[in-house]
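A closer look at the structure
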Amino acid sequence: MITAEIAHLIRHNTVAFVATVTPEGRPAVSPKATVVIIDERTLAFSNLRSPGTVRNIEANPLVELNFIDVFRRKAVRVGGEARHAARGSARFGELLADFGPWADYADRMKGIVEIAVTDARMVLSPAYDTGLDESELVRQHFERYRGLVETGELVGPATREET
Ligand SMILES: Cc1cc2nc3c(=O)[nH]c(=O)nc-3n(C[C@H](O)[C@H](O)[C@H](O)COP(=O)(O)O)c2cc1C
């Protein structure tokens, strides 16, 4: 079940990693930023450019998602069963109503992947074992990222993906 603590992390982190299994039995992990919480047992993300993930869940609907708050050093691990509602289907229309934060992308969605959540739990970094608390970890990691921005190290060579 998606508790208030889990929902908070999902809403405030930026990208989920979605793990599927290919028809050949290989693991596949792919980033998705457009995840929304439909209700306490359902998540969804838009299929903007997810041909592999959609093909995989059509063969095997079992998925895991990881949401990582890199500043608080906390994560959420979600297991579930996924299905793809293609654009034009009745279910796509129903789910789209919850994609207000991603309305700018609505015309480009090829479908929406809906996940019936079977398991959801918090994961804490071993950094907490050292006695550091959340506010100190946020301070440390925020400073680290700010340093990367200020020195220009965060900006790498330009890339473009065509799928
Ligand atoms: C930060 C980030 C966020 C992304 N969010 C989404 C998303 O919400 N929906 C989507 O379809 N693709 C998204 N993508 C693009 C796909 O993950 C990417 O094209 C990937 O290679 C597709 O692989 P797949 O077909 O195995 O899912 C995102 C990529 C990045 C880097």
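No experiment lies behind these values; they were computed from the predicted model shown.

Moving on, we come to the site of the ligand. Surveying the vicinity of the ligand reveals 18 residues, the closest of which are Ser 30, Thr 34, Leu 48, Gly 52 and Thr 53. Elements with a minimum of two residues in the shell around the ligand: strand E2 (27-32), strand E4 (42-47) and helix H2 (51-59). Element by element, the count of residues in the shell around the ligand is highest for E2, at four residues. The class makeup of the residues in the shell around the ligand is seven nonpolar, eight polar and three charged.

Our focus in this paragraph is unusual backbone geometry. Positive phi is not limited to glycine here, since Arg 73 has a value of about 55°. Its location among the elements puts Arg 73 in the loop between strand E5 (62-69) and strand E6 (74-86).

The set of residues buried in H2 consists of Thr 53, Asn 56 and Ile 57. Within H2, the buried residues cover an arc of 95° as seen down the axis, which keeps them to one side. Exposed and oriented more than 90 degrees from the buried face of H2 are Pro 51 and Ala 59. Each element contacted by the buried residues of H2 is listed here: strand E1 (16-21), E2, E5, E6 and strand E7 (111-124).

The subject of this paragraph is the sheet that holds E1. In spatial order, the strands read E2-E1-E5-E6-E7-E4-E3; together these seven strands make up an open sheet with antiparallel pairing. Either end of the sheet is taken by a strand with one partner, and the two such strands are E2 and strand E3 (36-39). Taken over all neighbouring pairs, the strand axes of this sheet differ in orientation by 35° on average, direction set aside. Summarising the sheet, E3 and E4 pair through three bridges and their orientation is antiparallel. Bridge pairing links Asp 39 to Thr 42 in E4.

Counting residues in hydrophobic clusters, the biggest one holds 22 residues, and the most contacted among them are Val 63, Leu 65, Val 76, Val 78, Val 113 and Ile 115. Among the secondary structure elements, those contributing two or more residues to this core are helix H1 (4-12), E1, E4, E5, E6 and E7. Ranked by residues supplied to this core, first place goes to E7 with five residues. Discounting chain neighbours no more than four positions away, the residues touching Val 113 are Ala 44, Phe 45, Asn 47, Val 54, Ile 57, Ala 82 and His 84.

Topologically, Thr 3 is positioned in the segment before H1. With 37 residues separating them along the chain, Thr 3 and Glu 40 place their C-alpha atoms 7.1 Å apart.

Reading guide: rules and limits
Chains are numbered independently. Their residues run from 1 in the order of the written sequence. This being a predicted model, a pLDDT of at least 70 is required before a residue's local features are given, and a value of 80 or more before pairs of side-chain atoms are given or counted; all residues contribute to the totals for chains, interfaces and linings. For each residue, a C-beta atom is placed from the backbone, and the residue is labelled near a molecule or strand when this atom is within 6 Å of it. Strands here are runs of E lasting at least two residues and helices are runs of H or I lasting at least four, both read from the DSSP assignment and numbered beginning at the N terminus. By the convention adopted, Pro, Cys, Tyr, Trp, Phe, Met, Ile, Leu, Val and Ala count as nonpolar, Lys, Arg, Asp and Glu as charged, and the other residues, Gly among them, as polar. Whether a residue is buried, exposed or partly exposed is read from the other C-beta atoms within 10 Å of its own C-beta, which are placed from the backbone; 20 or more gives buried, 12 or fewer gives exposed, and intermediate counts give partly exposed. It is the directions from the helix axis to the C-beta atoms whose arc is reported. Whether two residues are in contact depends on their C-beta atoms, placed from the backbone: they are in contact if these lie within 7 Å. In this analysis, strands are considered paired if DSSP registers two or more bridges between them. Orientation is described by lines fitted to C-alpha atoms, with helices fitted over the stretch in contact, and by angles between N-to-C directions that extend from 0 to 180 degrees. For the purposes of this analysis, a nonpolar core is taken to be any set of buried Ala, Val, Leu, Ile, Met, Phe, Trp, Tyr and Cys residues that are connected through C-beta atoms within 7 Å.

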